[in-house]
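An overview of the molecular structure
Given next are the chains, with one letter for each unit.
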Amino acid sequence: MPRFLFILITGVLFMGVFSTSGESVSANELKNKDRQQTLTIAHRGASGYAPENTMAAFEKSVDMKAEMFELDVQMSKDGELVVIHDTTVDRTTNGSGQVKDFTYEELRQLDAGSWFSEEFAGEKIPTLGEVLDAYKGRSGILIELKSPSLYPGIEQKVAAALVARNMHKPENDKIIVQSFDHESMKTFHSILPSMPVGVLLGYSEEGVSNEQLANFSSYAEYFNPNKAMITGDLVNRIHEFGMKTHPYTVRDQESANFLLSVGVDGIITDFPDYVDPHKG
Ligand code: G3P
Ligand code: CA
């Protein structure tokens, strides 16, 4: 066999068996039991298949039998809770400008589907209330407060939206509120201690210390880091501190296999079928 071909084939085989974190895993090693114990959380809805943070993406998540979907909440100029990821409307709509500078009626005029595919032309930016009403009892919802420091009082408004629908009792629905803004999560926990709260963390080479985990566990039930930080040891430490973990964001099969093999509690993914091929 030519030398370059041998190197190529062994390289591909090596990548298929080992994750980026260096811990061995292969798809064949994953048992159905492992998959069943890990929640599938469709990121911004099933955003690999439909435009993120739209009703079409949330419906696709339910169709694909994901146990939960994730969404991002911000606030319009006139105080409506709206579901959109970026702090501007530019990338995911036909408009331009900061979310906070639009009234809800103005945001509602925008097309939030065509950028993804003409098939979704006319999708709207939903309100949080609209999503909660449509999916109460049908799906778990992981609610991310996106850039909450731009929206003073957003924690109180989200808490009120959940209480108004009796969705603030963990036994009723699988609803979790999370943010990269940890002060915001402390505030949310103090407003509505009955709601499970999650702490998001961006990738950091230093990892996360036991002191940080102890601090998070004083108000949060979930520690949800970038998936590149996850190791079997970190999962064990998170569990030892009494928290669960839903790392983000899986967009390839190898990452899903690795996270399943180390026993994470949920996987946030654009493609629910990567976590469980029976979903889809
Ligand atoms: O749920 C976690 C994940 O959504 C965080 O990243 O940028 O997609 O909001 P981002
Ligand atoms: Ca998010």
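Criteria and thresholds
- Residues numbered from 1 in each chain as written.
- Chains lettered and ligands numbered in written order.
- Predicted model: local features only at pLDDT ≥ 70, side-chain atom pairs only at ≥ 80, totals over all residues.
- Heavy atoms only, no water.
- Helix = DSSP H or I, 4+ residues; strand = E, 2+ residues; numbered from the N terminus.
- Buried < 20%, exposed > 50% of the residue type's maximum accessible area, 1.4 Å probe, protein only.
- Contact = heavy atoms within 4.5 Å.
- Areas by Shrake-Rupley, 256 points an atom, 1.4 Å probe, with all protein chains shown as cover.
- Near = heavy atom within 4 Å.
- Polar contact = N/O pair within 3.5 Å; in protein donor to acceptor, adjacent residues only side chain to side chain.
- Nonpolar A, V, L, I, M, F, W, Y, C, P; charged D, E, K, R; others polar.
- Salt bridge = Lys/Arg side-chain N within 4 Å of Asp/Glu carboxyl O.
- Core = buried A, V, L, I, M, F, W, Y, C linked by side-chain atoms within 4.5 Å.
- Patch = residues over 30% accessible without salt bridge, like charges linked within 9 Å, V, L, I, M, F, W, Y side chains within 5 Å.
- Lys, Arg positive; Asp, Glu negative; His and termini not counted.
- Charge placed at Lys NZ, Arg CZ, Asp CG, Glu CD.
- pLDDT = per-residue confidence, 0-100.
- Arc of directions from axis to C-beta.

The protein chain has the name Glycerophosphodiester phosphodiesterase in an unreviewed UniProt entry, where Halobacillus amylolyticus is given as its organism.

1. Side note on the overall build of the protein chain
From N to C terminus, the protein chain includes eleven helices and eight strands. Within the protein chain, buried positions represent 51% of all 280 residues. Of the contacts made within the protein chain by residues no fewer than 6 positions apart, 58% connect residues no fewer than 24 positions apart. With an accessible surface of roughly 12,600 Å², the protein chain has 52% of that area assigned to carbon and sulfur atoms.

2. Considerations on the site of ligand 1
Surrounding ligand 1, one finds H43, R44, E70, D72, H85, E144, K146, Q178, F180, L200, Y248 and I268. Within the contact set of ligand 1, an oxygen atom lies 2.6 Å away from a side-chain nitrogen or oxygen of R44. E144 is positioned such that a nitrogen or oxygen atom in its side chain is 3.0 Å from an oxygen atom of ligand 1. Summarising the interface, the protein chains cover 90% of the accessible area of ligand 1, which totals 290 Å² for the free molecule. In the shell around ligand 1, the residues fall into four nonpolar, three polar and five charged.

3. Examining the side chain of S61
As for its position among the elements, S61 is in helix 3 (residues 55-63). Apart from the residues within four sequence positions on either side, S61 is in contact with A42, A46, A66, M68 and F69.

4. Remarks on the environment of F223
Turning to its location among the elements, F223 is positioned in strand 7 (residues 222-225). A relative accessible area of 0% places F223 in the buried class. Taking the C-alpha atoms as reference points, F223 and M243, 20 residues apart in sequence, are found 6.6 Å from one another. Dropping the residues within four chain positions of it, F223 is found in contact with V199, L201, V208, L213, F216, L234, I238, M243, K244, T245 and H246.

5. Side note on the pattern of salt bridges
Applying the stated rule across the entire model yields ten salt bridges. For D86, the salt bridge goes to R91, with nearest N and O atoms at 2.8 Å. In this structure, a network of salt bridges that share partners links the residues R44, E52, D86 and R91.

6. Focus: the nonpolar core
Counting residues in hydrophobic clusters, the biggest one holds 65 residues, and the most contacted among them are L71, I143, L162, F188 and F223. Looking at this core element by element, the count peaks at five residues for helix 6 (residues 154-164). Setting aside chain neighbours within four positions, we find F188 in contact with E155, V158, A159, L162, V177, M195 and V197. Counting eight residues, the second largest nonpolar core, distinct from the first, contains I41, I176, Y222 and Y248.

7. What about a negative patch on the surface?
A grouping of D78, E80, E105 and E106 is seen on the molecular surface, where their side chains present a negatively charged patch. Position of D78 relative to the elements: it lies in the loop between strand 2 (68-75) and strand 3 (81-83).

8. Regarding the confidence of the model for the protein chain
Put simply, the protein chain has an average pLDDT of 90, and 86% of its residues get 70 or more. Within the protein chain, the element-level pLDDT minimum falls on helix 1 (residues 3-17), averaging 42, and the maximum on strand 3, averaging 99. Taken as a whole, residues 1-22 scores under 50 in pLDDT and shows 15 contacts with residues more than four places along the chain or in a different chain.

9. Thoughts on helix 5 (residues 128-135)
Within the span of helix 5, buried status applies to L128, G129, V131, L132 and Y135. Angularly, the buried residues of helix 5 cover 165° about the axis, an arc narrow enough to put them on a single face. Looking at the buried positions of helix 5, the neighbouring elements they touch are helix 3, strand 2, strand 3, strand 4 (140-145) and helix 6. Phi for G137, located one or two positions after helix 5, is positive at around 80°.

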